[in-house]
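Observations on chain architecture
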Amino acid sequence: MRLNYPSNIRIIRVPCTGKVDLIHILRAFEKGADGVYVVGCLEGDCRFSNGNLRARKRVEQAQQILNAIGIGGERVQMYNLSSGEGPRFAEFALEMTEKIKALGINPMKLAKMKKVA
Amino acid sequence: MMCLAKAIDYEDSERRSTLSVGAVILCPGSEGFDPSGLDVFGYGKYSNVVTSEEFERILSASGPYRGHLMRPLDREAPKKIAWIQCVGSRDINLSGNGYCSSVCCMYAIKESMIAKEHSHDELDCAIFNMDIRSFGKDYEKYYNRAKDEQGVRFIRSRIHSIEEIQGTGDLIIGYTDETGLIKQETFSMVVLSVGLRIPDSVANLARRLRVDMNRYNFAVTPPFDPAQTSRPGIFIGGAFQGPKDIPSSVTEAGAAACAAGTLLADGRGTATKSVEMPTEIDIEKAETRIGVFVCNCGINIGGVVDVPAVADYAATLPYVSFVDQNLFTCSQDTQDKIRDVIKEKNLNRVVVASCSPRTHEPLFQETLQACGLNKYLFEMANIRDQDSWVHGSDPKSATEKAKDLVRMAVARAGLLKPLTEKKISINKRALVIGGGVAGMNAALSLADQGFETVIVEKEAQLGGLAGDLTATIEGADIQRYLLELVDKVSNHAKIQVLTESLIVGFSGFKGNFTTEIMVGPGMYERKIDHGVVILATGANEYKPTEYLYGQDYRVMTQIELGKRLEAKGAEDLKTVVMIQCVGSRNEEKPNCSRVCCQSAVKNALHIKELNPDAMIYILYRDMRMYGLLEDYYTEARQQGILFSNFTQDHPPKVEATDEGIMITFKDHILQRDLIIPADLLALSAGMVAEDTEELASILKLPRNNEGYFIEAHVKLRPVDLANDGIFLCGTAHSPKLISETISQSLAAASRATIFLSQSEITLSAVTAKVDPDLCAACLVCVRACPYGVPRINEEGVSEIDEALCHGCGICAAECPAKAIELNWYEDDQVMSKVEALLKGVL
Amino acid sequence: MIVAEKKPIEEIIELVKDSEKILIVGCNECVTVCEAGGKKEVGILASALRMYFMNQDKDAKIDEVTLERQCDHEYLEEIRGRIDQYDTILSLACGVGVQFMAEKYFSTPVFPGVNTCFLGAAEERGVWSERCQACGQCILGITAGICPISRCAKRLMNGPCGGSTQGKCEINKELDCAWQIIIDRLKELGRLDDYEKIMPIKDWSTDRAGGPRKVVREDVMI
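All names here are of chain B. Enumeration according to the criterion identifies 78 salt bridges over all chains in this entry. Here D74 and R71 are joined by a salt bridge, their closest N and O atoms 2.8 Å apart. What makes D74 partly exposed here is its relative accessible area of 32%. Of the charged contacts, one joins D622 and R585 as a salt bridge, the two residues approaching to 2.9 Å between their closest N and O atoms. A residue pair is termed long-range when its members are at least 10 positions apart, and D622 in the loop between β28 (615-620) and α15 (630-638) and R585 in the loop between β27 (575-582) and α14 (596-610) qualify at 37 residues. Exposure remark for R585: the relative accessible area of 5% places this residue in the buried category. What you see here is one network of salt bridges that share partners, running through R90, D131, R133, E140, R156, E178, R585, D622, R624 and E630.

This is the structure in structure tokens:
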């Protein structure tokens, strides 16, 4: 549909959000990602029955862990939409970008910058 | 405008050609009724009166208002919306379309529910109707949710007029309610639930093809052969046969395909070409050599992304041995070039940076296979749909993103391994469970196409519920049809019938099932190997406990009445009362049984035929004479059969006396109680699914709360079960008429032939596998898999059968011991993209 | 099996916040099955701790290993070669494993990463409940297979107390009254007469109340 959305998003394909492991989410932040979002089918409509429900639980766990270690649980989110909802995808991309911009860059990057300085 | 790929022949002109074919399938469909020019609705005159089709676009995220609920005149959010049902349906005056369009009640309810979801504030929705026809599988539950939980109002009234309030855009609807009071209500907008009609072009096509149509231009099909038109060899399905919803249309499409397939069975495979692929090269010992092809896609990518810069960058990435830029990477000449390069440069992995794998992955994978490369050694970076198309205003960032995406794809490509797609052979025998009309038709269709079929029936004779039925509402003789059907099945060389037989064991997967059956009164065991299963276990008529059934000989069900009329006629019946919705649409059994309204009208018309002086009262909640059945309802009223409406909380009361069965009910027009002494009280008892609890657990198949089997997808796969190779038809799916059952059984047979017509099928290699050394046998994967695939084997560790695995990866992510990997999405393959993207950041 | 639960990460951070070289050791048995301390949990905890330290501007070496069990010498020996590289071991095994680890590697601090809860079974995925208190003198034979020691709040031996209401325990309406279940099952088995028999006073000498216990099997030792 060629709808514009912010260009700071990189997409990684998985067969089902149920495949997204908690460790994948944490590693992304460990390597320096500022935000991670998991996009799956609408709840009740998962192509593989309930993978998206599992994904949501893992995203919630990730949020708890990230809060506890001071990175900020808001940086990871789960979104649900159907493959026919292009405009909503663009909306989510915008929403996530604005949220991360407001939270700032991954605090570990700040720590690294301080060390180098 | 010159096509950059030179794909257009500007000199081209219209040509006439002749095709020789063995069968024709006609699915020309219908169109929405156009209410323009009909004064009463104000469509075209008042901006805020829209058709349901327009309202769907208003609600759609890709529609004119981007999914924001607004009304056309002033783009304000509506506060109250009214739906007017039966516009261009059930309407002889204005449109001449006397039939019911079947879908409008459900779509109006859906539109009101979605409108409420989309609305920021409270939205008041009112649906003006004559009957609410929510007769499909589980549809009644949706209707109840709308009514009881979401507060959608249902007003039983055919409205009088719609007028606009000057200057506001609001509309006043004038109508009388059921008590006769004249009312007016103001709405922000009005949606006309337009019916379906056959376009003139379709009617003309049908005439040219000499396909008979009824007076509404719907094609005429025999009740027991619903895919067959008046012209042999021309089959149809869908709305041209009669207005219907998506699940029924998809089912009929399958039935038409089956009918055509049966006709052409001898020709199967004679006109197809097979493709030979070269043997796969073993790349295990070879050093990783990746080829990257960056596409311009004309100006689609190249116009935003600096493709040469991306190509130059790609050349610097690890393991990249070759980079090229293409104008159109998907064109045939580029495929040829890629093939040459792969061979020349000994590439063993390919990355294409272009568009979406959803559309183009198979194409490029074929090119790899043609060079002897395993198709799983391929990765795509989407620098069009995910980049140039959505970041058009920022070419610099778009180019940086393209470089990132290519870097990520190359990192993953380096870790990809060749995967073997397992081939499994197909046992060409079919097992049909249930020997009723559904099971027998499915078996016949398969057998006529040359496939051996076994029918397992638990009773001593074939026939099922049809054994109790007399005639269809069109007057077709069911008993004679049944006799002929049983005869054909019993004498067919390719069909084996096992009666008085029960299924006791079941194992295997698509193409390779084994079923254990206890056969006959002797109960001896038989093991049958087969490739597919068709489930046709059927349903029965509900045995009422209400309204004195079983306590008075004058109270009977519709099926019993049908038989009674055949046996004793109706001379002695002066007054007959029928009560609808017995054992349906209540707390215990919330769904509609679909067939009872037409059953009642059928018997009522039959009584009138036998005894024109008989007085017949039909007490109903909604008359669900959908589709072309509506004409029979009209006929019934014209013959003087009286219909009176009752509500769920105010049902009729019944008392047995010597003078007759006294039925007391409150007439909805007179608003008074009436007492009718009846010679006979007929109860329209609903349908109850056959008890399949044990069978369902042996076959591991899900059923809904009412005991009907659950299909893979309500709309798009109505005869498939989620387990591959198992199909469903007839009343085992949900209550339906005999011609709908026949349609569905043909559709199930059609789906089954997809397996049976091949000697072997190739499975996807994207399956999960367990490392037995790491497995802790904790059962998490066994419990987490939505398809019940992982099993603890004899070694005490979990094992996943690749033939059954659907490749979702849920088990891999759930495994607490990290013992499961999903082929092609192994942890390091997925993470390589993250690591490549964020390289050097921390 | 032994059922354990992950310690809250805040608590774990408190324990290891001054460490510089941590080895997180998982166990492939009970704690894997109850999803608290297997290889997966080790990976998640390691990642979380790495990020915590990075965020604190601290350099910390955090390694991961999962042993088959931590209650057998042989498996614990597998890490002897590298134990000197670490100033802290964070064990996700049950209390048994943590202690065995601490005994074996005497001079390295060993911290627990999970709370060991009870001996229990999985009623369904995600729900575990207590079934056995290891009293050392199993009486399940006379109580129709239901244990009044682990499942009766008061450990009564001869029938329910007066507080048993509609099959539920008086201290917690969610808890089934163990004796109700015992009686129902004895009825089902046609052995309700057993209920009339008075159970002798239990010999608690084999219970934990008598001090830490040991089992010695002479027949397998030479």
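Moving on: the sheet that holds strand β21 (residues 502-509) of chain B. Residues and elements named next belong to chain B. With antiparallel pairing, the 3 strands of this open sheet are ordered in space as β21-β22-β23. The strands lining the two open edges of the sheet, one partner per strand, are β21 and β23 (524-530). On average, each strand axis in the sheet is inclined to that of its neighbour by 15°, with strand direction left out of account. Sheet topology places strand β22 (residues 512-519) next to β23; 7 bridges connect them, and they run antiparallel. The partner of F513 across the bridge, within β23, is H530.

All right, on to the packing of helix α1 (residues 22-31) of chain A against helix α20 (residues 827-837) of chain B then. At their nearest, the axes of α1(A) and α20(B) sit 10 Å apart, and the two run at 30° to each other. Taken together, the axis directions place α1(A) and α20(B) in an arrangement best described as roughly parallel. For the crossing formed where α1(A) meets α20(B), the hand is right-handed. Taken together, the residues of α20(B) that come into contact with α1(A) (itself represented by H24(A), R27(A), A28(A) and K31(A)) are D827(B), V830(B), M831(B), V834(B) and E835(B). Counted by class, the contact of α1(A) with α20(B) contains 4 nonpolar, 1 polar and 4 charged residues.

Residues and elements named next belong to chain B. Residues D477, E484, D487 and E566 make up a contiguous surface patch of negative charge. Summarising the element assignment, E484 is placed in helix α12 (residues 478-490). The exposure class assigned to E484 is partly exposed, which follows from its relative accessible area of 45%.

Further remarks concern the interface of chain C and chain B. Counting from both sides, the interface comprises 10 residues of chain C and, opposite them, 14 residues of chain B. Summing the contributions of chain C and of chain B, the shared interface buries around 1,100 Å²; its carbon and sulfur component is 58%. Looking only at chain C, the three residues that lose the most surface to chain B are K39(C), K40(C) and R125(C), adding up to 51% of its buried area. There are 1 salt bridge connecting chain C and chain B.

A few words on the interface of chain B and chain A. Often, the extent of an interface is quoted as the loss of accessible area upon association of its parts. Taken together, the contacts link 45 residues of chain B with 39 residues of chain A. Across the chain B/chain A interface, buried area totals approximately 3,600 Å², and carbon plus sulfur atoms make up 60% of it. When the buried surface of chain B facing chain A is broken down by residue, W389(B), Y825(B) and L842(B) rank first, second and third, together holding 17% of it. Taken together, the connections running from chain B to chain A amount to 6 salt bridges. Here E361(B) and R13(A) are joined by a salt bridge, their closest N and O atoms 2.7 Å apart. The tally of links between chain B and chain A comes to 9 residue pairs in polar contact (both at pLDDT 80 or more). Mapped onto the side of chain B that touches chain A, the elements with two or more residues apiece are α8 (357-370), α10 (395-415), α18 (780-784), α19 (810-814) and α20 of chain B. Element by element, the count of residues in the side of chain B that touches chain A is highest for α20(B), at 7 residues. In terms of residue class, the side of chain B that touches chain A is built from 23 nonpolar, 11 polar and 11 charged.

A few words on the packing of aromatic side chains. Residue and element names in this part refer to chain B. By the definition in use, this model includes 21 aromatic pairs over all chains. Considering the side-chain rings of F55 and W83, the 5.5 Å spacing of their centres and the 90° angle between planes classify their relative orientation as edge-to-face. Of this pair, F55 sits in helix α1 (residues 52-59) while W83 is found in strand β4 (residues 80-87), placing the two residues 28 residues apart along the sequence. With relative accessibility at 0%, the residue W83 sits in the buried group. Taking 6.4 Å as the distance between ring centres and 65° as the angle between the ring planes, the aromatic pair formed by Y620 and F643 counts as edge-to-face. Within this pair, whereas Y620 is found in strand β28, its partner F643 is found in strand β29 (residues 642-645), the two being separated by 23 residues in sequence. The same class applies to Y620 as to F643, namely buried.

Before going further, it helps to spend a moment on unusual backbone geometry. Located in the positive-phi region is R66(B), a residue other than glycine, with phi close to 55°. Here R66(B) shows up in the loop between α1 and β4. Phi at D57(C) takes a positive value of approximately 65°, unusual for a residue other than glycine. Tracing the sequence through the fold places D57(C) in the loop between α3 (39-55) and β3 (61-67).

What follows covers helix α7 (residues 178-188) of chain C. Residues and elements named next belong to chain C. For α7, the full list of buried residues reads A178, W179, I182, I183 and L186. Considered in projection along α7, the buried side chains sweep an arc of 135° and stay on one side of the axis. Every exposed residue of α7 that faces more than 90 degrees away from the buried side is listed here: K187 and E188. Where α7 is buried, its residues touch α6 (148-151), β9 (172-176) and α8 (192-196). Immediately beyond the C-terminal end of α7, within one or two residues, lies G190, with a positive phi of roughly 70°.

Turning to the pairing of strand β20 (residues 495-498) of chain B, a few remarks are in order. All names here are of chain B. Looking at chain direction, strand β19 (residues 452-456) and β20 are connected through 4 bridges and run parallel. From the neighbouring strand, I455 faces β20, where its bridge partner is V497. Crossover handedness for the path β19 to α12 to β20: right-handed.

Quick look at the environment of P612(B) now. Looking at the element boundaries, P612(B) is found in the loop between α14 and β28. Between the C-alpha atom of P612(B) and that of V834(B), which follows or precedes it by 222 residues, the distance is 81 Å.

As a further point, take the confidence of the model for chain B. Within chain B, residue pLDDT values average 94, and 100% of them lie at 70 or more. Reported confidences for the modelled complex are a pTM of 0.82 and an ipTM of 0.95.

Before going further, it helps to examine the environment of E794(B). All names here are of chain B. Relative to the elements of secondary structure, E794 occurs in the loop between β38 (791-792) and β39 (798-799). A residue is classified by how much of its surface remains accessible, and E794, at 79% relative accessible area, is exposed. Residues E794 and F378, spaced 416 residues apart in sequence, show a C-alpha to C-alpha distance of 37 Å.

Procedures and definitions
- Residues numbered from 1 in each chain as written.
- Chains lettered and ligands numbered in written order.
- Predicted model: local features only at pLDDT ≥ 70, side-chain atom pairs only at ≥ 80, totals over all residues.
- Heavy atoms only, no water.
- Salt bridge = Lys/Arg side-chain N within 4 Å of Asp/Glu carboxyl O.
- Buried < 20%, exposed > 50% of the residue type's maximum accessible area, 1.4 Å probe, protein only.
- Helix = DSSP H or I, 4+ residues; strand = E, 2+ residues; numbered from the N terminus.
- Pairing = 2+ DSSP bridges.
- Axes fitted to C-alpha atoms, helices over the stretch in contact; angles between N-to-C directions.
- Parallel < 35°, antiparallel > 145°, perpendicular 65-115°, else oblique.
- Left-handed = near helix turned anticlockwise from the far one by under 90°.
- Contact = heavy atoms within 4.5 Å.
- Nonpolar A, V, L, I, M, F, W, Y, C, P; charged D, E, K, R; others polar.
- Patch = residues over 30% accessible without salt bridge, like charges linked within 9 Å, V, L, I, M, F, W, Y side chains within 5 Å.
- Areas by Shrake-Rupley, 256 points an atom, 1.4 Å probe, with all protein chains shown as cover.
- Lys, Arg positive; Asp, Glu negative; His and termini not counted.
- Charge placed at Lys NZ, Arg CZ, Asp CG, Glu CD.
- Buried area = accessible area lost by both parts, 1.4 Å probe.
- Polar contact = N/O pair within 3.5 Å; in protein donor to acceptor, adjacent residues only side chain to side chain.
- Phe/Tyr/Trp six-rings, centres within 6.5 Å; stacked < 30°, edge-to-face > 60°.
- Arc of directions from axis to C-beta.
- Right-handed = clockwise from strand over helix to strand, strands pointing away.
- pLDDT = per-residue confidence, 0-100.

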